[in-house]
Amino acid sequence: MKYEPNPPDAPSLMMSARSFGNYDLPGAIADLIDNSIQACAREVTLTCDFGGGSPSIRIRDDGHGMSGAELRQAMRPASANPLMERSPDDLGRFGWGMKSASFSQCTRLSVLSRRNDETSGCVWDLDDVDGWRMGILDQDDIENLASAELLVKDGVEIVWSNCDRLSENGTLTVSEFNALVVHARNRLALIFHRYLAGEVRGRRLVIRLNGQKIEPWDPFYRDHEATQELEPESLRIAGRTIDIQPFILPHYSKLMSNQYDRLGGEEGFLRNQGFYVYRNHRLIISGTWFRLLRHGELSQLVRVRVDIPNALDHVWKITIDKSDAQLPAALRSRLHQIVDGLRRRSSRVYRSRGGRLDRSGTTSVWSRHARAGEIHYSINREHPIIEALLQAGSDEQKRAASAAIKVIEQAFPVSAFGRDAVAQIDSIHQTLSDREAFRADLISALPLLLDQVDGDIEALVALLRVTEPWCEAWKTTETVLQEKGWLRAES
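Residues numbered from 1 in each chain as written. Predicted model: local features only at pLDDT ≥ 70, side-chain atom pairs only at ≥ 80, totals over all residues. Heavy atoms only, no water.

1. Topic: the overall build of the chain
The number of helices and strands found in the chain is 17 helices and 16 strands. The C-alpha atoms of the chain give 29 Å as radius of gyration, which overshoots the globular expectation for 491 residues (23 Å, by more than 25%). Principal-axis analysis of the C-alpha atoms gives the chain an extent of 95 × 50 × 40 Å. Of the contacts made within the chain by residues no fewer than 6 positions apart, 66% connect residues no fewer than 24 positions apart. Counting only carbon and sulfur atoms, one obtains 48% of the accessible surface of the chain, whose full area is about 25100 Å². Both charge centroids of the chain, one from 61 positive and one from 68 negative side chains, sit 6 Å from each other. (Helix = DSSP H or I, 4+ residues; strand = E, 2+ residues; numbered from the N terminus. Rg over C-alpha atoms; globule rule 2.2 N^0.38 Å. Contact = heavy atoms within 4.5 Å. Areas by Shrake-Rupley, 256 points an atom, 1.4 Å probe, with all protein chains shown as cover. Lys, Arg positive; Asp, Glu negative; His and termini not counted. Charge placed at Lys NZ, Arg CZ, Asp CG, Glu CD.)

Take a look at the structure:
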């Protein structure tokens, strides 16, 4: 058998690199920040300029920089073997990250570096890569392109220009571009929240976007007193350790409106439940159950942190854009057991929010009567919304409302409830798990309640404070009243 060279065509391969992975703007920027972290950067500065419809992006760090030879190596496509053993804190894998991430947004990638007073620069321009031509910048080119900060301090600066994909071929408006930048800020706050909070390497990483410092966004809200941090567990696979840390988030009744919105993210609590997988403390996957469980109402407060080392990339099948992975078969059984237990514990948060009969000073929806060895449950006719319903309309309508309530009481499914309470009480779910549904119901009830107190706003507020279910989710109730101007926000 004979052998002969058969190298890829440079323009074809480099254009194909634009579709490696599934990068969006925050994903592409995050791949470059990974390199900054590996270079021991303390601060990363991002500049996103709309440029009148021709956007450009700059990413500069204050890490140790690269020599000219190191820069050339870093610019080489597929510059690292993914099977090679790497440093435990290495966030890369394939040696394509900087190139594929950049080309997913632009056609011209310029990388400038300063190390020990030596500056160097290289350029890949996809419109001119025949024969693997890479531009080498001279000192005048570097001084014209680099920021003033890079010229006096070690680090690396990356410039994306000719951003055809980012600008959607020039059709993106300035407001749409700004929305992309805001989305990128929010995603970076989540992806690197452990670095931004100083949990890694004993110091905080600072990321600034257009001059504004990005604050960490902890998806587990560990600072809140009502967050439950459950028992951690370590699992072994392929000779390495994976750390599992489950959390149960606070019920919406414990959260202010801005806290709830922040925790829910752009797609809400239901979508963001599940596993949050971190590779070397950097988030790569969020809000998935890996088909171990369906996204459901009773599990929406469960979030599980999974920490994996980079030595298990091949086991988890980490993608080139570090945005996806596959759960190893060896872990499915144990994680399924963990998830099942967490779902039951999460359901108790909602079950515990149901109506109570033993709370003094509170008007309950239900009443319990025990007499001559018999127990009877009835709907409390003195509950404000029930009382208002029974007093509304004509005499015939009042009698119909009273009859309807009696039918509900008499048809209470005692046997079925008893069986469920014994066999699967954690699955009984009567309380609204959706904050927006709770708000909508409250807003619908307010006219009736306001009529009950003859239009007295102070009396209405006092009534809601001691009446189920509104007193049980007072922070949400309070927000609605503040929005209507009926209650002042506490300073």
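Read on for the rest.
2. Observations regarding the environment of D164
With respect to the element layout, D164 can be found in the loop between β6 (155-161) and α6 (174-191). Given a relative accessible area of 23%, D164 falls into the partly exposed group. Taking the C-alpha atoms as reference points, D164 and S104, separated by 60 residues in sequence, lie 9.3 Å from one another. (Buried < 20%, exposed > 50% of the residue type's maximum accessible area, 1.4 Å probe, protein only.)

3. Concerning helix α8 (residues 257-264)
An α-helical turn contains 3.6 residues, so a residue and the one three or four places further along point in the same direction. All buried positions along α8 are accounted for by S257, Y260, L263 and G264. Viewed end-on, α8 has its buried residues packed into an arc of 135 degrees, placing them on one side of the element. On its buried side, α8 packs onto α9 (268-272), β14 (302-308), α15 (435-452) and α17 (474-483). Taken from the residues just after α8, G265 is the one with a positive phi, measuring 70 degrees. (Arc of directions from axis to C-beta.)

4. A look at the nonpolar core
Counting 58 residues, the largest nonpolar core has I33, V111, W160, F192 and I207 as its most contacted members. In this structure, L263, I308, L335 and A445 belong to the second largest nonpolar core, which totals 51 residues. (Core = buried A, V, L, I, M, F, W, Y, C linked by side-chain atoms within 4.5 Å.)

5. Focus on the pattern of salt bridges
Under the counting rule described, the total for this entry stands at 22 salt bridges. With a shortest N-O distance of 4.0 Å, K153 and D62 are connected by a salt bridge. Here D62 lies in the loop between β2 (56-61) and α3 (68-75) and K153 lies in the loop between α5 (139-145) and β6, a separation of 91 residues in the sequence. Accessibility expressed as a relative area gives 22% for D62, which makes it partly exposed. Between R439 and E483 there is a salt bridge, and its shortest N-O distance comes to 2.9 Å. Of the two residues, R439 is situated in helix α15 and E483 in helix α17; the sequence distance between them amounts to 44 residues. Taking the relative accessible area as the measure of exposure, E483 reaches 52% and is therefore exposed. One continuous salt-bridge network, built from bridges that share partners, spans R194, E199, D218, R222, R305 and D307. (Salt bridge = Lys/Arg side-chain N within 4 Å of Asp/Glu carboxyl O.)

6. Considering the pairing of strand β13 (residues 282-288)
Of all 7 residues that make up β13, 7 are buried, and the element is covered over most of its length. Bridge analysis of strand β12 (residues 274-279) against β13 gives 5 bridges, and the strand direction is antiparallel. Paired with R279 across the bridge in β13 is R282. The antiparallel pairing of β12 with β13 creates a hairpin that spans 2 residues between the two strands, and N280 there sits at a positive phi of about 55 degrees. (Pairing = 2+ DSSP bridges.)

7. Quick notes on a negative patch on the surface
Residues D138, D140, D141 and E143 make up a contiguous surface patch of negative charge. Within the secondary structure, D140 sits in helix α5. (Patch = residues over 30% accessible without salt bridge, like charges linked within 9 Å, V, L, I, M, F, W, Y side chains within 5 Å.)

8. Remarks on the environment of Q245
Examined against the element boundaries, Q245 turns out to sit in strand β11 (residues 240-248). Remark: the alpha-carbon pair of Q245 and E231, spanning 14 residues in sequence, is separated by 6.9 Å. Within the structure, Q245 has its side chain in polar contact with the backbone oxygen of L230 (distance 2.6 Å). (Polar contact = N/O pair within 3.5 Å; in protein donor to acceptor, adjacent residues only side chain to side chain.)

9. Topic: the sheet that holds strand β8 (residues 212-213)
In any sheet, the strands associate via hydrogen bonds between backbone groups, in a parallel or an antiparallel arrangement. Pairing within the open sheet is mixed, and its 8 strands lie in the order β5-β4-β3-β6-β2-β1-β7-β8. In this open sheet, the two edge strands, each paired with only one partner strand, are β5 (135-136) and β8. Of the pairings in the sheet, the one linking strand β1 (residues 43-49) to β2 comprises 6 bridges and is antiparallel in character. Looking across to β2, one finds that D49 is bridged to S56. The strands touched by helix α2 (residues 25-38) within the sheet are β1, β2, β6 and β7 (206-209), with β6 carrying the most contacts at an inclination of about 160 degrees. Helix-sheet contacts for α6 involve β1, β7 and β8, and the interaxial angle to β1 is about 165 degrees. (Axes fitted to C-alpha atoms, helices over the stretch in contact; angles between N-to-C directions.)

10. Considerations on helix α16 (residues 457-465)
Residues of α16 that are buried include every one of L460, V461 and L464, and no others. Buried positions in α16, seen along its axis, are confined to an arc of 100 degrees and lie on one side of it. Elements in contact with the buried residues of α16: α15 and α17. Put simply, D456 is the residue that caps the front of α16, since its side-chain oxygen is 3.1 Å from the backbone nitrogen of E458.

11. Considerations on the side chain of R279
By secondary structure assignment, the location of R279 is in strand β12. Here the side chain of R279 touches D313 through a polar contact of 2.7 Å, side chain to side chain.

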